[in-house]
Amino acid sequence: MEIIVLESEAYTKLQKEMMQMLRTTVREAKEEALANMDPANDWLSTQEAKKLLGIKSKTKMQELRDYDEIVYSKAGKIIKYSKKSILAYLDRHIVR
């Protein structure tokens, strides 16, 4: 068995670099997936949108529509939400 010893500064630097690489990889994968997404599959039902957002309240969905936080389409009583806009909304509200 081989033991590797790192100074705490080197370990911290390595950790930060690995996290940055992970963030970059995830961001690029998400951008690629969004770019390749079929526009017909972009629209979600209210239930699907609430699940993606992690909320249960119809009132919160109404608030997101009222403040133009997410893109939606309304045909009669049917409301569909843009998946791309929901993902963009989540990205805008990342807490670091």
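Higher on the page you've got the structure.
Given the structure is predicted, the values throughout are model-derived calculations rather than measurements.

A. Main features of the packing of aromatic side chains. Within this structure, the stated rule accounts for zero aromatic pairs. The ring of Tyr72 carries Arg65 above its face, with NZ or CZ at 5.7 Å from the centroid.

B. Structural view of the nonpolar core. Grouped together as the largest cluster of nonpolar side chains are 10 residues: Leu44, Ala49, Leu53, Met61, Leu64, Ile70, Ile79, Tyr81, Ile86 and Tyr89. Of all the secondary-structure elements, those providing two or more residues to this core are α2 (46-53), α3 (58-66), β3 (78-82) and α4 (83-92). When sequence neighbours within four positions are dropped, the list of residues in contact with Ala49 reads Leu44, Met61, Tyr81 and Ile86.

C. A look at the pattern of salt bridges. Within the structure shown, the criterion is met by three salt bridges. With its nearest N and O atoms 2.0 Å apart, the salt bridge here joins Lys30 to Asp91. Of this pair, Lys30 sits in helix α1 (residues 8-35) while Asp91 sits in helix α4, placing them 61 residues apart in sequence. What makes Asp91 partly exposed here is its relative accessible area of 37%. Close ionic contact of Lys60 with Glu63 constitutes a salt bridge, the shortest N to O distance being 3.2 Å.

D. Summary view of the environment of Tyr89. Mapped onto the fold, Tyr89 is located in helix α4. Through-space distance from the C-alpha of Tyr89 to that of Leu53 is 9.2 Å; in sequence the pair is 36 residues apart.

The rules behind each value
- Residues numbered from 1 in each chain as written.
- Predicted model: local features only at pLDDT ≥ 70, side-chain atom pairs only at ≥ 80, totals over all residues.
- Heavy atoms only, no water.
- Phe/Tyr/Trp six-rings, centres within 6.5 Å; stacked < 30°, edge-to-face > 60°.
- Lys NZ or Arg CZ within 6 Å of the ring centre and 35° of its normal.
- Core = buried A, V, L, I, M, F, W, Y, C linked by side-chain atoms within 4.5 Å.
- Buried < 20%, exposed > 50% of the residue type's maximum accessible area, 1.4 Å probe, protein only.
- Helix = DSSP H or I, 4+ residues; strand = E, 2+ residues; numbered from the N terminus.
- Contact = heavy atoms within 4.5 Å.
- Salt bridge = Lys/Arg side-chain N within 4 Å of Asp/Glu carboxyl O.

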